[in-house]
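# Structural description and commentary
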Amino acid sequence: MLLLLTGCRSMTELSPDKGESRGDIAVQLTVSGTGADTRSLQDSPAESEIHDVKVFVMRMEGGEEILDSYYYYGEEPSITVYINPDKPADSYRFVTYVNHPSISHETIMQDWADLADESPKSFQMYGMTEKTVDEIMADPRVSVGVGRYVSKISVEKITLDWRNSSNSQKDFCIKGIYLTDVPGTMAGYRGVPEDRKKDWYNKNGWTTSGRDDLLHDAVEMTKLENGQTYSQKHTYYAYVSDLQTFNTDGDWKKGGTRLVIEAEFDGKPCFYHLQISDGTLDPRNKHFVFEEIVITKPGADTPYGEYVIEEPIVFSISVNNWTVINKGTIVID
């Protein structure tokens, strides 16, 4: 989805306001989405809203990245940045941040984002495009693709299909759906120092927090009979850890983010946890869609525990031969 840039005013903090007067090259810069693989027919316009854009023009010289100029845009329809062709440069990087409250020319190296700052109507985004000076001279237009730090997770429906038919004689209810083991900080163009990472959310299960609006949905106790489907859609936004180790006991440690379905089976709580990222793709700005989750056996005792192993029990029936008790001959006088 094309994110049209419409900033409110522009100002150049580290380069002259009238760069063209000294022969600088005026570069027309646009911001766009990052490609069809990050989109869905279910995306809403609010998920792509842009309120402010900050552009950092970085000059690359001998492998060194030098901050050349910084621009802030609000609502102006035209975006123009400048480069000085007389400055030594192998290439230029146009690093762009959208809806990012903490980025400035003084904090450019701190381009991580915190989940506490995310909003469904103002998702933080970032992107970078690099061009050589010759490429800019030949065509002074640059398009920067930006992507969200958050991932989107959708659950379309949940179906109950017991493999062990005896389970259908017991009540099964869905109580809640949420994400567990969610990082509080996500890296952008650069990394995040360990001492600047925020605490994780929902470690080893759901704990109410200021981000329940993104990570948790309480479900009115919904009973499912065997073969029935729960069709209420649920959507979550989170930083997704793509670690491929997962917590299996109460001693929490950093691990992969999971979707958890909280249920009640035969009057007791049980949980179904599902892996989100398989570690092969960067999870940022991806939409993970669970089209259908089919429950076939009782869940784990905890949001992180091992699933119950239900081996099928095979019954066979045989009729024993009569046992003959010989009473002999009885004479009734």
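Residues numbered from 1 in each chain as written. Predicted model: local features only at pLDDT ≥ 70, side-chain atom pairs only at ≥ 80, totals over all residues. Heavy atoms only, no water.

## Considerations on the overall build of the protein chain
Counted only if it meets this: Numbering of helices and strands runs from the N terminus; a helix is a DSSP stretch of H or I covering at least four residues, while a strand is a stretch of E covering at least two. Note on exposure labels: buried denotes an accessible area under 20% of the residue type's maximum, exposed denotes more than 50%, and partly exposed covers the range between, all computed with a 1.4 Å probe on protein chains only.
Helix and strand counts for the protein chain stand at two helices and 21 strands. Counting across all 333 residues of the protein chain, residues that qualify as buried make up 47%.

## A few points about the confidence of the model for the protein chain
Note the threshold: Known as pLDDT, the predictor's confidence for each residue is given on a scale from 0 to 100. Throughout, a contact is declared for two residues whenever any of their heavy atoms are within 4.5 Å.
For the protein chain, the average pLDDT comes to 84, and 81% of its residues sit at 70 or higher. Throughout residues 1-18 the model reports pLDDT below 50, and contacts reaching past four residues in sequence, or to other chains, amount to 57 contacts. Across residues 313-318 the pLDDT falls below 50, and counting only partners more than four positions away or on other chains, this stretch makes zero contacts in the model.

## Observations concerning the sheet that holds strand 5 (residues 80-83)
Note the threshold: When DSSP finds two or more bridges between two strands, those strands count as paired. The axes used here are C-alpha line fits, helices contributing only the stretch in contact, and every angle between their N-to-C directions lies in the interval 0 to 180 degrees.
Strand order in the open sheet formed by three strands is 5-2-9, and the pairing between neighbours is mixed. Every other strand in the sheet has two partners, leaving strand 5 and strand 9 (141-145) as the edge strands with one partner each. Strand-to-strand twist of the sheet, defined as the mean angle between neighbouring strand axes without regard to direction, takes the value 35 degrees. Both strand 2 (residues 25-32) and strand 5 contribute to a ladder of four bridges, which runs antiparallel. In the sheet register, I25 faces strand 5, and the bridge partner there is I83.

## Things to note about the layout of surface pockets
Put simply, the rule reads: Points on a 1 Å grid over protein atoms alone make up a cavity when a 1.4 Å probe fits among them but cannot get out, and a pocket when they form an open set with protein on both sides within 12 Å along at least five of seven lines; lining residues each have an atom within 4 Å of a point. Grid points are joined across faces, edges and corners, and a volume is the space filled by probe spheres set on the points. Classification convention: Asp, Glu, Lys, Arg as charged; Ala, Val, Leu, Ile, Met, Phe, Trp, Tyr, Cys, Pro as nonpolar; all other residues, Gly among them, as polar.
Here the largest pocket defines a volume of roughly 340 Å³. Every residue lining the largest pocket is counted, 17 residues in all, and those nearest its centre are P183, T185, M186, K197 and W200. A class-by-class count of the residues in the lining of the largest pocket yields eight nonpolar, three polar and six charged.

## Notes on the environment of T180
Going by this rule: Any pair of N or O atoms that falls within 3.5 Å is considered a polar contact. Within protein, one atom must be able to donate a hydrogen and the other to accept it, and sequence-neighbouring residues count only if both atoms are side-chain atoms.
Here T180 lies in strand 13 (residues 172-180). Put simply, T180 and K203 are 23 residues apart on the chain and 6.0 Å apart in space, counted from C-alpha to C-alpha. Those residues in contact with T180, other than ones at most four positions away along the chain, are Y201, N202, K203, N204, G205, T257, R258 and V260. In terms of polar contacts, T180 uses its side chain to reach the backbone carbonyl oxygen of N202, at 2.6 Å.

## Focus on the pairing of strand 4 (residues 64-73)
Across nine bridges, strand 3 (residues 53-61) lies against strand 4 in antiparallel orientation. Bridging across to strand 4, V55 finds its partner in Y71. Counted along the chain from strand 3 to the antiparallel partner strand 4, the turn is two residues long, and its residue G62 has a positive phi close to 60 degrees.

## Looking at the sheet that holds strand 11 (residues 151-155)
One open sheet holds the three strands; their spatial order is 17-11-20, and the pairing between them is mixed. Whereas interior strands pair on both sides, the edge strands pair on one side only; in this sheet they are strand 17 (234-238) and strand 20 (287-290). For this sheet the average axis-to-axis angle between neighbouring strands, irrespective of direction, equals 15 degrees. When strand 11 meets strand 17, the two strands line up antiparallel, connected through five bridges.

## A few points about the pattern of salt bridges
For clarity, the cut-off: Salt bridge, as used here: a side-chain nitrogen of Lys or Arg that lies within 4 Å of a carboxyl oxygen of Asp or Glu.
For the structure on display, the rule yields 19 salt bridges. Two residues, D114 and K198, come together in a salt bridge whose shortest N-O distance is 2.9 Å. Taken together, the residues D114 in strand 7 (residues 113-114) and K198 in the loop between strand 14 (185-186) and helix 2 (212-215) connect sequence positions 84 residues apart. Assessed through its relative accessible area of 43%, K198 is described here as partly exposed. Each of E65, R93, D111, E130 and R190 takes part in a single network of salt bridges with overlapping partners.

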